[in-house]
Amino acid sequence: MPRAAQLRQWDNQFVWHPFTQMQAYWDEEAPIIESAEGFFLVDTEGRRYLDGISSLWCNVHGHRVPEIDRAIREQLERVAHTTLLGLSSPPSIELARELVHRVPDGLTKVFYSDSGATAVEVALKIAYQYHLQKENRPGRRDLFVSLSGAYHGDTIGSVSVGGIDLFHAAYRSLLFETVQVPAPVAYRVPKGLTAQQYLQHCFDEVERVLAEHHEQIAAFVIEPLVQGAAGMLVHPPGYLRHVRELTRRYGVLLIADEVAVGFGRTGTMFACEQEDVCPDLLCLAKGISAGYLPLAATLTTDEVFEAFLGDPAEGKTFYHGHTYTGNALGCAAALASLRLFDENSVLDNVRANEKRLARRLNEIVDWPHVGEVRQKGIMVGIELVEDKAQKTPYPATLRMGHQVTLAARRRGVIIRPLGDVVVLMPAPAMPLELVDRLCDVVFESIDEVTSGARAR
Ligand SMILES: *Cc1c(COP(=O)(O)O)cnc(C)c1O
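Since the structure is predicted, the reported quantities are computational estimates derived from the model, not experimental observations.

Topic: the overall build of the chain
Of regular secondary structure, the chain possesses 15 helices and 16 strands. Projecting the C-alpha coordinates of the chain onto the three principal axes gives extents of approximately 70 × 65 × 45 Å. Scored against the burial criterion, the 456 residues of the chain give a buried share of 54%. Within the chain, counting contacts between residues at least 6 apart in sequence, those at least 24 apart form 70% of the total.

Right under this line is the structure:
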């Protein structure tokens, strides 16, 4: 049997893929990616694909970047991994210092872990324990506020603050209690309200919930500016700032989950910068290691950190850690990535791509099955609908988003939708002409699939 076919057989026999209905996957002959070059992926049959979603939102400078590859190799020649439990390592120290310099002022301490979900778990546990141990009116607060449609990862704590029924409903009885506020987005609003009235309601709900429950609330958890997995929902200006002001007023911690939006994707290094917000806890993962290795960090303030200080016998220690916490290879990759942000002016590239995307997306806003086009920085969601005027979704059985993915794949582009929201997530360092190619192919694919569905 040829090697590619053998691998396919073994893939179907042995591998259980994440977020994947395996029964459908078996028939699909998904590419098996063997190598990559810059912004292209190469499969076992030698086909090349443009990586249109940054390998699930984490790649930053492209693949096989000489500077990052070299940094990892140099670290490998010293040591691949040693524990941060009671020991330290140069890359983890240097990276912590670099991160503190780059995040909003006030965040001074870095707690490492290895994925977005763990970065959020860490933040939730720190917030809970902080209130028990803080100097001023300590107490038990076991309620968290989250947004409708929120996504913070797939471990039980991060699922508890999640709001996507398709992913989360099955686990409800396992989860801790939260209060949900409505996400401030107004594509579809309750009958009888204008978009403006509904957004005002969303702003008001933040205050109502905090006023009513603040003595039980440990923290307010938010994806700043853009709710990614919900379908690239872009919040109106001022919402994040509003949440920061109210959480501060009511003595509730603010956890900013920048796992998706961090490292340039919204046009600034971190999304919080755009509203001049400093959260109490900042969660970073995905782009932190340029999409090379599993690495995450939860940053916090002196005030929170100091609540955990005391004699070892006092029990104030934060008893949390993962075996690969602060992995040296991951930290070396992250350091090299931050250097490239400076050397290659990656944020300037993001802003150029942001403008180009806005112009290109304008071409499709009037298309009959494009319900809404959402963009912040270089994060894009194109919602496909059956009826544009009524905003009626397609029947789920048509899997329209998935059909567009397959059509794009036939044209040499890898994307992955969120339901019927087609996602474009070019890497921050992707050159302009490849962003154009991504648009060309995705627009053609949308046209092919939606006009086919019309004919049916
Ligand atoms: C992807 C994502 C996570 C989870 O990150 P993992 O590394 O997959 O655990 C958490 N929060 C947000 C906002 C994300 O987009």
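Description of the side chain of His 402
Structurally, the position occupied by His 402 is in helix α14 (residues 400–410). For His 402, the contacting residues outside a window of four places in its chain are Glu 28, Pro 417 and Gly 419.

Topic: the packing of helix α4 (residues 66–76) against helix α12 (residues 328–343)
Taken N-terminus to C-terminus, the directions of α4 and α12 make an angle of 145°; their axes are 8 Å apart at the nearest point. Between α4 and α12 lies a crossing whose hand is right-handed. Here α4 contributes Glu 67, Ile 68, Ala 71, Ile 72, Gln 75 and Leu 76 to the contact with α12, which in turn contributes Ala 328, Leu 329, Ala 332, Ala 333, Ala 336, Ser 337 and Leu 340. Split into classes, the residues belonging to the contact of α4 with α12 amount to ten nonpolar, two polar and one charged.

Some words on the domain arrangement of the chain
Each assigned domain of the chain is listed with its residue range as follows: domain 1 (31–61 + 345–455) and domain 2 (69–343). At the interface, 34 residues of domain 1 touch 29 residues of domain 2. Together, the buried faces of domain 1 and domain 2 total about 2600 Å²; carbon and sulfur atoms form 63% of this surface. When the area that domain 1 buries against domain 2 is broken down by residue, the three leading residues are Trp 57, Lys 376 and Met 379, summing to 25%. Inspection of the region where domain 1 meets domain 2 yields one salt bridge. Across the pair Glu 383 and Arg 188 runs a salt bridge, and its minimum N-O distance is 2.9 Å. The tally of links from domain 1 across to domain 2 stands at 19 residue pairs in polar contact (both at pLDDT 80 or more). Elements with a contribution of two residues or more to the side of domain 1 that touches domain 2: α3 (54–57), α13 (346–362), β13 (370–376), β14 (379–384) and β16 (421–424). Here the residues of the side of domain 1 that touches domain 2 are counted per class, giving 19 nonpolar, eight polar and seven charged.

Observations regarding the pairing of β13
Across six bridges, the pairing between β13 and β14 is antiparallel. In the strand pairing of β14, Val 370 is matched with Leu 384. In this antiparallel pair of consecutive strands, β13 and β14, the connection spans two residues, and Gly 377 shows a positive phi of 60°.

Observations concerning the sheet that holds strand β1 (residues 33–37)
Read from one edge to the other, the open sheet built from four strands follows the order β1-β2-β3-β15, with strand pairing classed as mixed. Lying at the two open borders of the sheet, with one neighbouring strand each, are β1 and β15 (413–414). Here strand β2 (residues 40–43) pairs with strand β3 (residues 48–51) via three bridges, running antiparallel. Bridging across to β3, Phe 40 finds its partner in Leu 50.

Structural notes on the site of the ligand
Close to the ligand lie Trp 57, Ser 115, Gly 116, Ala 117, Tyr 151, His 152, Gly 153, Glu 223, Asp 257, Val 259, Ala 260 and Lys 286. Asp 257 has a polar side-chain atom sitting 2.6 Å from a nitrogen atom of the ligand. One of the side-chain N or O atoms of Lys 286 is found 2.6 Å from an oxygen atom in the ligand. Calculation on the ligand without its partners gives an accessible area of 380 Å², and the protein chains cover 82% of this total. When its residues are assigned to classes, the shell around the ligand shows five nonpolar, four polar and three charged.

Digging into the sheet that holds β16
Pairing is antiparallel in the open sheet, where three strands are placed in the order β13-β14-β16. Of all strands in the sheet, those with a lone pairing partner are β13 and β16, marking the two edges. Adjacent strand axes in the sheet meet at a mean angle of 15° when their direction is disregarded. Packed onto the sheet, α13 meets β13, β14 and β16 and runs at close to 170° relative to β13.

Brief notes about the packing of aromatic side chains
Taken as a whole and judged by the stated rule, the model has nine aromatic pairs. With centroids separated by 6.5 Å and ring planes inclined at 70°, the aromatic side chains of Phe 19 and Tyr 151 adopt a geometry described as edge-to-face. One end of the pair, Phe 19, is in the loop between α1 (3–14) and α2 (22–25); the other, Tyr 151, is in the loop between β5 (143–147) and α7 (156–160), and 132 residues separate them in sequence. With centroids separated by 5.2 Å and ring planes inclined at 70°, the aromatic side chains of Phe 111 and Phe 318 adopt a geometry described as edge-to-face. Taken together, the residues span a long stretch of sequence, with Phe 111 in strand β4 (residues 107–113) and Phe 318 in the loop between α11 (302–306) and α12 at a distance of 207 residues. Residue Phe 318 is classed as buried on the basis of its relative accessible area, which comes to 15%. Put simply, the rings of Phe 19, Tyr 151 and Phe 167 touch in pairs and so form one group of aromatic residues. Sitting over the ring of Phe 40, Arg 48 keeps its end group 4.6 Å from the ring centre.

Calculation notes
- Here, residues in each chain are numbered from 1, in the same order as that chain's written sequence.
- In view of the model being predicted, local features appear only for residues whose pLDDT reaches at least 70, and side-chain atom pairs are presented and counted only at 80 or more, with totals across whole chains, interfaces and linings using the full set of residues.
- Hydrogen atoms and water are omitted, and side-chain values are computed over all heavy atoms in the structure.
- Only runs of H or I of at least four residues qualify as helices and only runs of E of at least two qualify as strands under DSSP, and these elements are numbered from the N terminus.
- Think of it in three bands: with a 1.4 Å probe and only protein chains considered, a residue is buried below 20% of the maximum accessible area for its type, exposed above 50%, and partly exposed in between.
- Here a residue-residue contact requires only that any non-hydrogen atoms of the pair lie within 4.5 Å.
- Axis definition: a line fitted to C-alpha atoms, over the contacting stretch in the case of helices. Angles run 0 to 180 degrees between N-to-C directions.
- It is the rotation of the near helix from the far one that decides the hand of a crossing: anticlockwise by less than a right angle makes it left-handed, clockwise makes it right-handed.
- Three residue categories are used. Nonpolar comprises Ala, Val, Leu, Ile, Met, Phe, Trp, Tyr, Cys and Pro, charged comprises Asp, Glu, Lys and Arg, and polar comprises the others, including Gly.
- Domain delimitation follows an automatic or database domain assignment.
- Note on terms: buried area is the combined drop in 1.4 Å-probe accessible area of two parts once they are placed together, counting the loss on both.
- The working definition used for a salt bridge is a side-chain nitrogen of Lys or Arg within 4 Å of a carboxyl oxygen of Asp or Glu.
- Under this definition, polar contacts are N or O atom pairs within 3.5 Å; protein pairs additionally need one hydrogen-donor-capable and one acceptor-capable atom, and for neighbouring residues in sequence, both atoms have to be side-chain atoms.
- Between any two strands, pairing holds if DSSP finds at least two bridges.
- Note on definitions. A residue lies near a molecule or strand when any single heavy atom of the residue is within 4 Å of it.
- Method for areas: the Shrake-Rupley scheme with a 1.4 Å probe, in which residue coverage is limited to the protein chains shown.
- When the centres of two rings from Phe, Tyr and Trp lie within 6.5 Å, Trp using its six-membered ring, the rings pair. Their planes under 30 degrees apart give stacked, over 60 give edge-to-face, and anything left gives tilted.
- Charge-over-ring placement is defined geometrically: NZ (Lys) or CZ (Arg) within 6 Å of the ring centre, and within 35 degrees of the ring normal.

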